[in-house]
Amino acid sequence: MTKQSLLSGRRALDSAALTMLLLASPACGGRSEFNPAADPHSDAGQPAREGEPEVLRWTEAQIEAAGIRLVPAAAGEILRQLALPAVAAANADAVTHVNPKAPGIVRSIYKHLGEEVAAGELLCVIDSVELGNAAAGYLRARALAAAAETTLARESELFQGRLEAAERVLQGAVEINQRIRDRERELHEKAVSTIRPLLEAEKALQGAELERDRALTELRAERDARLLALEVERRERRIGEDAARNQMLALGLSAGELPALDAASPLLAGTYEIRAPRSGIVSGRHISTGEFVDAATTLYTLEDLSRVWILASVFEAQLRSVRTGQWGQIRLDAFPGEAFAGEVTLVGYEVDAESRAVGVRLELDNPALPGWPEAYPIRPGMFGRVDLVVERSEARVALPESAIVHEAAGDFVFVRVAPGTFERRPVRLGSPAGELVEVVDGLQPGEEIAVAGTFQLKSALRKGELGEGHSD
């Protein structure tokens, strides 16, 4: 091979290498892998001089490859929280056990486990001999009370008529005797008649008046005695009707159903309906068709799960920090990544003898959960935890925990001090409190802080200190 051929081959190899280098450069549109030490102009390989801040200088491509995300340092609310174990429970104030009021046989069932019911909806039908007897007794008592009422009214009307007729007759006799007396007085004054006929006329008038008063008094006394007896009977019938009515109410009928009760009602045969006293979910159905039930039998359990309880446990040493009205963030094992907010409505009054913990109740709504089609996602019995906010304070600078790099020598953050330039800045932190961390010293509001990609920044800085990848 000639010397000219060797020179030509070397030029071809140099040209190919130059082309590959240009294609790998970010300036030519290629995406470089994250390797800050590969940049000969980077300070990653240069240890900081004593007293000088530690900095990194990266290109935009390197920053993008490392996934660096920045936020400005700003004031924020610091929350001191207690992490408490918890379990979901049904709202005990919204749990209803449906029982029959009279013994009988289950004829038919209309609502089943897991179904949602509205207040007043039909749950099941029961045949009860006791209820049939009670319904018949109520109809009889109601009829007797109505009859007593009618009898009293008719007797009162009849006596009123008798009094009016007697008064007319007796008053007519008085008026006749009064005219006779007046005529005799006129004849006596004219000396046509003697005094004797006048005295006899006066006597007859007085006798007629006395007879009128006596007869009317006796008739009124008879009326009063009779009406009093009827009034007593009416009250007795009313008492009997009220007792029968209350018995029907005690057996589960509503006051609105009783007026429509008649001889054609199925209640006379003992057939009655059990309806939902409130809306909710059928969380328990404890009967079968043909089963005998009585007042001690629980037919259904209804739960309103639109609002649920979270029962957490607080140890004695933490108890003084907990009070009603506080809010907590609830996370359940069944829904990782989801958080619910609830309010403390009860701090328990007893310490458990074994766990030495006090129960704390939080209440919250149970709305639909995106991505899960089932209603009421929070189910009684689910386990989780509560991050209970026990103290709030305002910090001049607060950062997400992801921005803080913890090392044995202390805590620090990466601050962007210029485009592509990051400074490793020591900081002094306050007490840990939730998702934000208070920065007591080391930062000023408005400085841009890396909250993602800090591991890559830390690794690059460490490589620079060790001299890895440093090019002269």
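First, a word on what this report is: a plain description of the structure on this page. Everything numeric here is computed off the predicted structure, so don't read it as measured data. (Residues numbered from 1 in each chain as written. Predicted model: local features only at pLDDT ≥ 70, side-chain atom pairs only at ≥ 80, totals over all residues. Heavy atoms only, no water.)

1. As for the overall build of the protein chain
How we decide: Numbering goes from the N terminus for both helices and strands, where a helix is a DSSP run of H or I of at least four residues and a strand is a run of E of at least two. Relative accessible area decides the class of each residue, using a 1.4 Å probe on protein chains only: under 20% of the type maximum gives buried, over 50% gives exposed, and in between gives partly exposed. A contact between two residues is defined here by any heavy atoms of the two lying within 4.5 Å. Per-residue and other accessible areas were derived by the Shrake-Rupley procedure at a 1.4 Å probe size, with only the shown protein chains allowed to occlude residues.
What the protein chain contains, in helices and strands, is five helices and 21 strands. In the protein chain, which comprises 472 residues, the share counted as buried stands at 35%. Long-range pairs, those at least 24 residues apart, make up 73% of the contacts in the protein chain between residues at least 6 apart in sequence. Here the protein chain displays about 27,600 Å² of accessible surface, and carbon together with sulfur accounts for 53% of that area.

2. Quick word on unusual backbone geometry
Positioned with a positive phi, alanine 191 is a non-glycine residue whose angle comes to about 65°. In this structure, alanine 191 sits in the loop between α3 (129–189) and α4 (195–250). Of the residues examined, alanine 191 reaches a relative accessible area of 66% and is grouped as exposed.

3. As for the packing of aromatic side chains
Where we set the bar: Note on ring pairs: Phe, Tyr and Trp rings are taken, using the six-membered ring of Trp, and paired if centres are within 6.5 Å. Classes follow the plane angle, with under 30 degrees stacked, over 60 edge-to-face and the rest tilted.
Within the structure shown, the criterion is met by three aromatic pairs. On the basis of an interplanar angle of 80° and a centroid distance of 5.5 Å, the ring pair of phenylalanine 412 and phenylalanine 414 is categorised as edge-to-face. Phenylalanine 414 shares its class with phenylalanine 412; the two are buried. Through successive ring pairs, a cluster of aromatic residues spans Phe335, Phe340 and Trp372.

4. As for the sheet that holds strand β9 (residues 280–285)
Worth spelling out the cut-off: Two strands qualify as a pair provided DSSP detects at least 2 bridges between them.
Spatially, the four strands line up as an open sheet ordered β4-β11-β9-β6, and their pairing is antiparallel. This sheet does not close on itself; its edge strands, each paired only once, are β4 (95–98) and β6 (116–117). Pairing analysis gives two bridges linking β6 to β9, with the strands arranged antiparallel. Residue pairing in the sheet places glutamate 116 in a bridge with isoleucine 281 of β9.

5. Let's talk about the sheet that holds strand β8 (residues 271–275)
In spatial order, the strands read β8-β7-β5-β10; together these four strands make up an open sheet with antiparallel pairing. In the strand order of this sheet, the two ends are held by β8 and β10 (292–293), each with one partner.

6. Side note on the pairing of strand β1 (residues 54–57)
A one-sided burial pattern is seen for β1, the buried positions being Glu54 and Leu56 and the unburied ones Val55 and Arg57. As defined by bridge partners, β1 adjoins strand β19 (residues 421–429) across four bridges and the pair is classed as antiparallel. Residue pairing across strands places glutamate 54 opposite arginine 424, the latter belonging to β19.

7. Structural notes on the side chain of threonine 301
We count it as follows: A 3.5 Å cut-off defines polar contacts: any pair of N or O atoms within that distance qualifies, except that in protein one atom must be a possible hydrogen donor and the other a possible acceptor, and neighbouring residues in sequence count only when both atoms are side-chain atoms.
Tracing the backbone shows threonine 301 in strand β11 (residues 300–303). According to the relative accessible area criterion, threonine 301 is buried, its value standing at 9%. A polar side-chain atom of threonine 301 sits 3.1 Å from a polar atom in the side chain of histidine 286. Look past the residues within four positions of threonine 301 in its chain and what remains in contact with it is Val95, Thr96, His97, Ile281, Val282, Ser283, Gly284 and His286.

8. Brief notes about α4
Keep this limit in mind: Every helix has an expected span of 1.5 Å times one less than the residues it contains.
Along its 56 residues, α4 runs 82 Å from first to last C-alpha, staying within 8% of the 82 Å computed at 1.5 Å per residue. Following α4 by one or two positions, glycine 252 has its phi on the positive side, about 105°.

9. Thoughts on the packing of α3 against α4
What counts is decided by this rule: All axes are obtained by fitting lines to C-alpha atoms, using only the stretch in contact for helices, and the reported angles, taken between N-to-C directions, cover 0 to 180 degrees. An angle below 35 degrees is read as roughly parallel, one above 145 as roughly antiparallel, one from 65 to 115 as roughly perpendicular, and any other as oblique. Amino acid classes used here: Ala, Val, Leu, Ile, Met, Phe, Trp, Tyr, Cys and Pro are nonpolar; Asp, Glu, Lys and Arg are charged; the rest, including Gly, are polar.
Close contact between α3 and α4 brings their axes to 8 Å; oriented N to C, the two are set at 170°. By the criterion of interaxial angle, the relationship of α3 to α4 is roughly antiparallel. Classifying every residue of the contact of α3 with α4 gives 30 nonpolar, ten polar and 23 charged.

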